[in-house]
Amino acid sequence: AIDAELQAAETEVERARDAVQKAQRALHETRLLRAEAEQNLAAETERAQARRAEWERLLAEKLPLETVLTRIVSPTDDVAAAIEAELAGLVAAKAARETLLREQEHRHRASNEARQRLAQLEATIATLEGQVLEQQTRLTVAKDVLGAHLARFRTAVSNANVEPDDGSGDEQDRVEALLEAG
């Protein structure tokens, strides 16, 4: 019976020892978790302080901007409508700009076409002026030749003492003969 009690006590001691080891492991794990939680808490506290400092800095920057903006832009409760109105204005300005750019491009093309047409007309005028000069030269030469022939004809007629036409038709033959002789 004492052996049984001793054995039961030893078993109980082993169980207690196992329980103590489990408790020590749990305590160790709990301490590790606590240390990790403390580190997390310290990091979160640090981040919260940094966010708070950033928020305060941004608020300090925002206040002067808001003050200036309230002088420029009238306050409105309907921010979306104000933004929509501004966007509509920007869209209208962009459309007007695009229209002006298209008109400017059209005028530019028309100007280029007019310049090309003018160059073509100037070339045509130069050609025609050359032709006119050539025709005037030919006309002058023809007049000179005609004048010379007329002078020869007059001389031949005055030398031949041609009588006025008597209707016989011989006069043409006499003129032709005078021209051939001259």
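The structure contained in this document is the topic of the report that follows. This is a predicted model, so every value here is computed, not measured.

1. Digging into the overall build of the protein
For the protein, the count of helices and strands is three helices and zero strands. By residue count, 1% of the 182 residues in the protein fall in the buried class.

2. A few points about the pattern of salt bridges
Applying the stated criterion across every chain yields a total of seven salt bridges. Close ionic contact of E56 with R52 constitutes a salt bridge, the shortest N to O distance being 3.1 Å. Remark: R52 and E56 occur in helix α1 (residues 2–72); sequence separation between them is four residues, near one turn of the helix. Accessibility expressed as a relative area gives 46% for R52, which makes it partly exposed. One continuous salt-bridge network, built from bridges that share partners, spans E54, R57 and E61.

3. Quick notes on a nonpolar patch on the surface
A cluster of nonpolar residues, V79, I83, L87 and L90, forms a patch on the protein surface that exposes about 380 Å² of accessible area. Along the chain, the position of I83 falls in helix α2 (residues 79–160). Given a relative accessible area of 46%, I83 falls into the partly exposed group.

Each value, and the rule that gives it
Residues numbered from 1 in each chain as written. Predicted model: local features only at pLDDT ≥ 70, side-chain atom pairs only at ≥ 80, totals over all residues. Heavy atoms only, no water. Helix = DSSP H or I, 4+ residues; strand = E, 2+ residues; numbered from the N terminus. Buried < 20%, exposed > 50% of the residue type's maximum accessible area, 1.4 Å probe, protein only. Salt bridge = Lys/Arg side-chain N within 4 Å of Asp/Glu carboxyl O. Patch = residues over 30% accessible without salt bridge, like charges linked within 9 Å, V, L, I, M, F, W, Y side chains within 5 Å. Areas by Shrake-Rupley, 256 points an atom, 1.4 Å probe, with all protein chains shown as cover.

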